[in-house]
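Architecture and fold: a report
So you can see what is in the structure, the chains are spelled out below.
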Amino acid sequence: MKEEIFDFSGKTIVLTGGTGGLGRAMAHALAHCKAHVVILSRSEARAREIVKELSELGADILALACDVTRVRDLKSARSKIEKKFGRVDGLVNAAGGNSPGATTSPEKPLWNISAHEVKSVYDLNFVGTVFPCQVFGEMMAQQREGVIVNVSSMSAFRPMTRVAFYSAAKAAVTNFTQWLAVYMAREFSPHIRVNALAPGFFLTEQNRFLLIDKNSGELTVRGRNILAHTPMARFGEPDDLVGAILWLMSPASRFVTGAVIPVDGGFSAYAGV
Ligand SMILES: NC(=O)c1ccc[n+]([C@@H]2O[C@H](COP(=O)([O-])OP(=O)(O)OC[C@H]3O[C@@H](n4cnc5c(N)ncnc54)[C@H](O)[C@@H]3O)[C@@H](O)[C@H]2O)c1
């Protein structure tokens, strides 16, 4: 396969959650391969830090303040991106995460989780994936070309204990990814592809509180159980996603759509015996 298959020169790729643990690594990888990277972030200050880092790679970077659960923010971002780059070739939906308030525990049974917590986890992970797909998917439909990568989770296949709403929302992301892949290919163009990554367990801000005891710094029982169920016996590092995102974004995966790719150290393949 030709080396230039991973050359993204002239391609504009939008990342939601581009300042997060996993999004940042993907943004670096894409900028390194010469993409114009657009970081959508709620925090302008954090986005500015990334712009500085990525600009040092020589990439043309744009950072815009945007809450992925607000269509108005997304449409305003789209106008600015159209003005600067003219088109959007790729979208990575990496904004998402669980919240401690939506997590069951012996002290907090299911029925004590507030409606607000249920809705906010669902909105961030599912609605916050659907809205960017609508806003930037419309551009791809007009262009008859584009690539979308959503971020699902191991908890979409079989729900993880304690994180019911996060798991349900990620299952919805997987289902919507498959639906959108079919819709885009059949209604608009076979050159619009939609896939998802299903990361295993990576130590980032959203799950540190579940995996590492904040007082002792030791693994929690859950953290130990996860490692025991991961054949590679370690947590993922953000750079472990780089190969998969470059592959899914590039023509190297040109016949792949509607797929959900586990990047999990073997977690989903292991029966535990
Ligand atoms: N870390 C893991 O082990 C793991 C495993 C499976 C899936 N995932 C998924 O990967 C994605 C990235 O997770 P991460 O580990 O980098 O988490 P993270 O918390 O480090 O990053 C999440 C990013 O989303 C942004 N964000 C949150 N709410 C937003 C909103 N309303 N609008 C715009 N941006 C918003 C945050 O500011 C942050 O930049 C998430 O969808 C997460 O659910 C993570």
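Throughout what follows, the structure given in this document is the object of discussion. (Residues numbered from 1 in each chain as written. Predicted model: local features only at pLDDT ≥ 70, side-chain atom pairs only at ≥ 80, totals over all residues.)

Points about the overall build of the protein chain
Helix and strand counts for the protein chain stand at eight helices and seven strands. In terms of C-alpha radius of gyration, the protein chain reaches 18 Å, essentially the compact-globule figure of 19 Å for 273 residues. Within the span of the protein chain, comprising 273 residues, buried residues form 44% of the whole. In the protein chain, the proportion of contacts linking residues at least 24 apart, taken out of those at least 6 apart, comes to 72%. (Helix = DSSP H or I, 4+ residues; strand = E, 2+ residues; numbered from the N terminus. Rg over C-alpha atoms; globule rule 2.2 N^0.38 Å. Buried ≥ 20, exposed ≤ 12 C-beta atoms within 10 Å, placed from the backbone. Contact = placed C-beta atoms within 7 Å.)

Observations regarding the site of the ligand
Around the ligand, the surrounding shell holds 27 residues, and the nearest of these are Gly17, Gly20, Leu22, Gly96 and Thr204. Of all the secondary-structure elements, those providing two or more residues to the shell around the ligand are α1 (21-32) and α4 (115-143). Top element by residues in the shell around the ligand is α1. It accounts for three residues. Of the residues assigned to the shell around the ligand, the class counts are nine nonpolar, 15 polar and three charged. (Near = placed C-beta within 6 Å. Nonpolar A, V, L, I, M, F, W, Y, C, P; charged D, E, K, R; others polar.)

Concerning the sheet that holds strand β6 (residues 192-199)
Read from one edge to the other, the open sheet built from seven strands follows the order β3-β2-β1-β4-β5-β6-β7, with strand pairing classed as parallel. Looking at strand neighbours, the two that pair on one side only are β3 (61-65) and β7 (260-263), the edges of this open sheet. Taking the axes of each pair of neighbouring strands and ignoring which way they run, one obtains an average angle of 20 degrees across the sheet. Where strand β5 (residues 146-151) and β6 come together, six bridges link them in parallel fashion. When the bridges of β6 are listed, Val151 appears paired with Leu197. Running over the sheet, helix α2 (residues 44-55) touches β2 (36-41) and β3 and is turned about 175 degrees from β3. (Pairing = 2+ DSSP bridges. Axes fitted to C-alpha atoms, helices over the stretch in contact; angles between N-to-C directions.)

Considerations on the nonpolar core
Most often, soluble globular proteins keep nonpolar side chains buried together rather than apart. Leu15, Met26, Leu30, Val37 and Ile245 are the most contacted members of the largest nonpolar core, which totals 77 residues. In contact with Met26, not counting residues within four places along its chain, are Leu15, Val92, Ala94, Leu241 and Ile245. (Core = buried A, V, L, I, M, F, W, Y, C linked by C-beta atoms within 7 Å.)

Overview of the pairing of β2
Remember that side chains alternate between the two faces of the sheet whenever the strand is regular. Of all six residues in β2, six are buried; the element is thus mostly enclosed. Here β2 shows no split at all, with His36, Val38 and Leu40 on one side and Val37, Ile39 and Ser41 on the other all buried. In the sheet, strand β1 (residues 12-16) pairs with β2 via five bridges, with the strands oriented parallel. Its bridge partner being in β2, Thr16 is matched across the sheet by Leu40. In this view, the connection linking β1 to its parallel neighbour β2 by way of α1 has right-handed handedness. When β2 meets β3, the two strands line up parallel, connected through five bridges. The residue of β3 that forms the bridge with Val38 is Leu62. Since β2 and β3 lie parallel, the crossover through α2 that links them has a hand, and here it is right-handed. (Right-handed = clockwise from strand over helix to strand, strands pointing away.)

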